[in-house]
Every structure is written in structure tokens, then in C-alpha cells.
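# Chain and residue survey
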Amino acid sequence: MQSRVIMLVDFDYFFAQIEEVRNPSLKDKPVVVCVYSGRSIDSGAVSTANYIARKYGVESGISIYLAKKKLRDVDAIFLPVDHEFYEMVSKRIMDIMKGYADRFEQVGIDEAYLDVSQSVNENFEAAKDLALKIKQDIRAKEEITCSIGTGPNKLVAKIAADIQKPDGLTVVKPGEVENFLSPLPVGRLIGVGKKTEARMESLGTRTIGELSEYDVQRLVAIFGKVFGTYLHYASFGIDESPVQERGEAESISRISTLKEDTWDLGIILERANQLCEEVHARLMQQGFSFKTVGIVAVMADMSIRSRSKTFENPTNELALFKRTVKELFEKLLSESELEARRVGVKLSNFVKMQEKQKQLTSFIGTSAINLYS
DNA sequence: GTATGCTTTCGGC
DNA sequence: TTACGGCCGAAAGCATAC
């Protein structure tokens, strides 16, 4: 095998596009898909907007209030998120793509990596044709457009997919990788966030090209052996990480907005306990045990606090989950003078439950003492 | 010092 | 001039072990 051929397929403005498909009369209007918090009329945030709405400055994360203001003189459509429906459509499109891939890796609800090396016999011209065919197939079956990046590995494919969108296709052949990457800012590399980018800027390496000229030994001295060598190879577009089906989620969480800001532990725990039950139910569906319990609180000033606790041994006990959440909120609130606006709970650090353990748990019930904890 | 793993915060969608 | 979700994984920061 000479070269791998990897694609990253990204569905365009996914939630809003699905709403356009469901109701085609929306297609020529600004469409804004919103998460309403229920606290007051129009409190909440924008999840996704179509490209017409984006022209007015409406983007993910801004408040619904602000989005309405930006679109006040326009015939715009505001819709609540319908996550279950989007999951269904996503799953169908994922299944279409799996048919074209030697290996497949879903990333979130609207992205996937496809290793198509064998399908195209390592030929990048054939890869371009295949990408067009995949786009066409998804469009024919689901009326959804997507943007595809194609390259010799995941790193290049991911960056390429961002070059042209919506409905884009960017193919980067192995021989073109260095010219493709070198003018781009280092922040485009996975693993390079704001802080790392700033540190690199001070070293005079703003672009990936400049990074590739930087001495490896120095990179290792500054960023450590593992990260330093990773950066060196990434700057040359070298990435051997395989496309592989992901296991189940690494964490399961739920967060929700309170009716009003409060520092009353009783009110907070009442909501948190409901969230615990929902998260725990999902955990049971997946057949996992957890080792880590986390909480998060968004305070009145929108600052975010979180706390977590990791156990020695995995457990799946709801009562322990709730008890730990209580403990963590007590700690968090005692360390903060602000009222809470939103509260959330999270489980992570999963271990697959053994059949035996599953049966034991269902037999004894939720009040059981977990033998492993 | 470096590696590793855990906790907290950040950021994309 | 305020406004402001929910979920996930990545990044950053810190503690500990060697």
C-alpha cells in the first residue's frame, strides 16, 4: 500500500438544512434553528442557521433575542430543535456513506471519515469522482448537501473539508500537501488551540509552513516529547491515525436551565436528580458502568464552574450517582457567592458492564450495594 | 524533567 | 442597552510518579 485515500464528509448547516427538506418553502428564507430554554419567551440560543440567515450575522451560539433583532425586517423562520428527527436523518445518511467506505468513523451527528483507499485503488482522480458520486447519492436520497475534503490522511482531509463550503469538494493529492498546508495558520491543526497558537506566534511560527521549518529538537524542548514530535510531523501533513469505528460515547451528560437563578441547594438538587435519572437511563441502555461523576453549573453571570469525582472501581448505581452529585454541588456552591442559572450532570470514564454484573444489578435492583465499589 | 492521568475550562456545532 | 442552549470532545492546567 502506497498511499491511503481518506475523506471527511461534513453535512452543511445540518439542522437548518433538514428543516428546509422537511418544508421546502423555507429554502428562500432565513432559517434559524433554536434551543429555547423555557425561562421566558425567546430566551435561548441559536443552534444552527442556514446561509441566508448567516448573511445577516446570525450564527451558532448567539441569543435568540439578538438573532431576531438582526432579522427584524426580514421574513425569517425560527424553529425549535427536533433532535430526534435529526438523529434519524443522520443515521440514514451515515448508512449511505458506509456503503462506499472500506473503513468508516462517525464524528458527531454531522461528520464522518471514510477510508476509501481500496475502493479507488489509491487513485486520487478516482477519489474525486467517488466524492462527487457520494454527494450525488446523498442528495438524491435525502436532498442534503455536504462538503467533502479528500487527502492522504485524516488531518489533511479534515482541513480540506473546510476550504470550500457549502456543497464543496476539495481534493489534496499527496504531492500537494505541503503547498496546501504551508500558508494556513497553525491553529488549523488538531491539537493546537488558542494558547498553543499564541506560544507559537511568539516563536515566529504563525503558519504551518513556518512550523515545518522549526527545529524538531526545539519543539520537543518547548512542548515535550509527545506533543513536540506530533507538531513536527503534523506540519508536514503526516498523520498515520487510522479511520476506525468509534466505540460508544466517552461521556453522557445533561444540562438544563433553571426557572430562575438560585443558590437554594434544594431547588438545584431537585433538577439535578431528574437529570441524573435521564443520564443513568441512557447509561443502562448502552450497558456501561462509570467511574467518574461530574457536575457543571452556569452561574448568574454566565461563568461556568465544574467539579468531578472519580472512583477506584466502576459502578452503575443510580443512588451513588445522585449522592455524589449532591456532594459536588454542595462543594461547588460553598466555593461560589453567585447564584446558579443552569445545572448539569455528567458520567464518564466508562467500563463495559459484564453480563453477570448486568443480571446481578437487575436482580438486586437500584438499592443494591455494588460489590465492586 | 518528563510522562501520565485526572480535573477544569474552552470551543464547535 | 441587556440578551445567552445543550452536548460533546479537545485543550489547558495541575498533581503525581518515576
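One structure accompanies this document, and this report is about it. (Residues numbered from 1 in each chain as written. Chains lettered and ligands numbered in written order. Predicted model: local features only at pLDDT ≥ 70, side-chain atom pairs only at ≥ 80, totals over all residues. Heavy atoms only, no water.)

### Points about the protein's contact with DNA strand B
As a reminder of what qualifies: The rule for a residue being near a molecule or strand is that one of its heavy atoms must lie within 4 Å of it. Pairs of N or O atoms within 3.5 Å make up the polar contacts considered here, provided that, within protein, one atom can donate a hydrogen while the other can accept it, and that residues adjacent in sequence are counted only when both atoms are side-chain atoms.
Taken together, Ser60, Asp110, Lys194, Lys225, Ile304, Arg305, Ser306, Arg307, Ser308 and Thr310 are the residues near DNA strand B. Among the atoms of DNA strand B close to the protein, meaning within 4 Å, 90% are from sugar or phosphate groups. Taking Asp110, its side chain carries an N or O atom lying 3.0 Å from a sugar or linking oxygen of DNA strand B. The side chain of Thr310 places a nitrogen or oxygen atom 2.3 Å from a phosphate oxygen of DNA strand B.

### Details of the protein's contact with DNA strand C
So the rule is basically this: Numbering of helices and strands runs from the N terminus; a helix is a DSSP stretch of H or I covering at least four residues, while a strand is a stretch of E covering at least two.
Taken together, 32 residues lie near DNA strand C, and Tyr65, Gly191, Lys195, Ser253 and Ile255 sit nearest. Taking all atoms of DNA strand C within 4 Å of the protein, the share assigned to sugar and phosphate is 69%. One of the side-chain nitrogen or oxygen atoms of Ser251 is found 3.4 Å away from a phosphate oxygen of DNA strand C. Within the side chain of Thr257, a nitrogen or oxygen atom sits 2.7 Å from a phosphate oxygen of DNA strand C. Contributions of two or more residues to the surface near DNA strand C are made by strand E3 (44-49), helix H3 (64-70), helix H8 (194-202), strand E9 (251-262) and strand E12 (340-348). With seven residues, the top contributor of residues to the surface near DNA strand C is E9.

### Focus: the pairing of strand E10 (residues 288-299)
Operational definition: Burial classification: accessible surface area is computed with a 1.4 Å probe over protein chains only, and a residue below 20% of its type maximum counts as buried, one above 50% as exposed, and the rest as partly exposed. Each pair of strands is called paired provided DSSP finds at least two bridges between the two strands.
Taken across its twelve residues, E10 has ten buried, putting it largely inside the fold. Pairing of E10 with strand E11 (residues 304-315), which is carried by eight bridges, proceeds in the antiparallel orientation. Bridging across to E11, Val298 finds its partner in Ile304. Here E10 folds back onto E11 in antiparallel fashion, the turn holding four residues, of which Met302 has a positive phi close to 75°.

### What to know about the environment of Ala340
So the rule is basically this: The contact criterion used throughout is that any non-hydrogen atoms of two residues lie within 4.5 Å.
Following the sequence through the fold, Ala340 ends up in strand E12. By relative accessible area, Ala340 is classed as buried at 1%. Here the alpha-carbon distance between Ala340 and Gly287, two residues 53 residues apart in the chain, equals 32 Å. Setting aside residues no more than four positions away along its own chain, Ala340 makes contact with Leu258, Glu260, Asp261, Thr262, Ile268, Val298 and Met299.

### Digging into helix H12 (residues 265-286)
Quick reminder: α-helices carry 3.6 residues per turn. Residues three or four places apart thus point the same way. Defined as follows: Each helix should span, by expectation, one fewer than its residue count multiplied by 1.5 Å.
Between its first and last C-alpha, H12 extends 31 Å over 22 residues, near the 32 Å set by a 1.5 Å rise per residue. The backbone nitrogen of Gly266 lies 2.7 Å from a side-chain oxygen of the residue at the head of H12, namely Asp264. Trailing H12 by a residue or two, Gly287 shows a phi angle of about 75°, which is positive.

### A short note on the sheet that holds strand E8 (residues 169-171)
The condition that has to hold: Axes here mean lines fitted to C-alpha atoms, for a helix over just the part in contact, with angles spanning 0 to 180 degrees between N-to-C directions.
Taken together, the five strands give an open sheet; going across it, the order is E5-E6-E1-E7-E8, and neighbouring strands pair in mixed fashion. Pairing within the sheet leaves two strands with one partner each, and these edge strands are strand E5 (103-107) and E8. For this sheet the average axis-to-axis angle between neighbouring strands, irrespective of direction, equals 15°. Bridge analysis of strand E1 (residues 6-11) against strand E6 (residues 111-115) gives five bridges, and the strand direction is antiparallel. Across the sheet, residue Leu8 finds its bridge partner in E6, namely Tyr113. Along the sheet, helix H4 (residues 83-98) makes contact with E1, E5 and E6, crossing E5 at roughly 155°. Running at roughly 145° to strand E7 (residues 146-151), helix H6 (residues 154-161) makes contact with E1, E5, E6, E7 and E8 of the sheet.

### Digging into the nonpolar core
Operational definition: The criterion is simple. A nonpolar core is a set of buried Ala, Val, Leu, Ile, Met, Phe, Trp, Tyr and Cys residues joined through side-chain atoms within 4.5 Å.
Counting residues in hydrophobic clusters, the biggest one holds 37 residues, and the most contacted among them are Met97, Leu114 and Ile134. Broken down by secondary-structure element, the contributors of at least two residues to this core are E1, helix H1 (14-22), strand E2 (31-36), H4, E6, helix H5 (124-142) and E7. Sequence-distant contacts of Ile134, defined by excluding residues within four places in its chain, comprise Met7, Met97, Tyr100, Leu114 and Ile148. By size, the runner-up hydrophobic cluster in this structure holds 29 residues, among which are Phe290, Met299, Leu320 and Phe329.

### Things to note about the layout of surface pockets
Which entries qualify depends on this criterion: Cavities and pockets are found on a 1 Å grid laid over the protein atoms alone: a cavity is a set of points where a 1.4 Å probe fits but cannot escape, a pocket is an open set with protein on both sides within 12 Å along at least five of seven lines, and a lining residue has an atom within 4 Å of such a point. Grid points are joined across faces, edges and corners, and a volume is the space filled by probe spheres set on the points. Amino acids outside the nonpolar list (Ala, Val, Leu, Ile, Met, Phe, Trp, Tyr, Cys, Pro) and the charged list (Asp, Glu, Lys, Arg) are all regarded as polar, and Gly is one of them.
Estimates place the volume of the largest pocket at around 760 Å³. Around the largest pocket, the lining comprises 24 residues; the ones closest to its centre are Val35, Tyr36, Ile255, Thr257 and Arg342. When contributions to the lining of the largest pocket are tallied by element, the ones reaching two or more residues are E2, E3, E9 and E12. No other element matches E9, which puts six residues into the lining of the largest pocket. Split by residue class, the lining of the largest pocket holds eight nonpolar, ten polar and six charged. There is about 510 Å³ of room inside the second largest pocket. In terms of lining, the second largest pocket is formed by 17 residues, of which the most central are Glu87, Gln106, Glu248, Ala249 and Gln286. Residue assignment for the lining of the second largest pocket shows that the elements contributing at least two residues are H4, E5, E9 and H12. Residues belonging to the lining of the second largest pocket are distributed by class as follows: four nonpolar, seven polar and six charged.

### Re the packing of aromatic side chains
Stated precisely, the cut-off is as follows: Pairing of aromatic rings covers Phe, Tyr and the six-membered ring of Trp, with a centre-to-centre limit of 6.5 Å; geometry is then stacked below 30 degrees between planes, edge-to-face above 60, and tilted otherwise.
Evaluation of the coordinates by the stated rule reveals eight aromatic pairs. The interplanar angle of 10° and the centroid separation of 5.0 Å between the aromatic rings of Phe288 and Phe350 together place this pair among those described as stacked. Here the residue Phe288 occupies a position in strand E10, and Phe350 occupies one in the loop between E12 and strand E13 (351-352), the gap between them amounting to 62 residues. In terms of burial, Phe288 and Phe350 fall into one category: buried. Following the ring pairs from residue to residue traces out a cluster consisting of Phe11, Phe14, Phe15 and Tyr86.

Geometry only, nothing functional implied.
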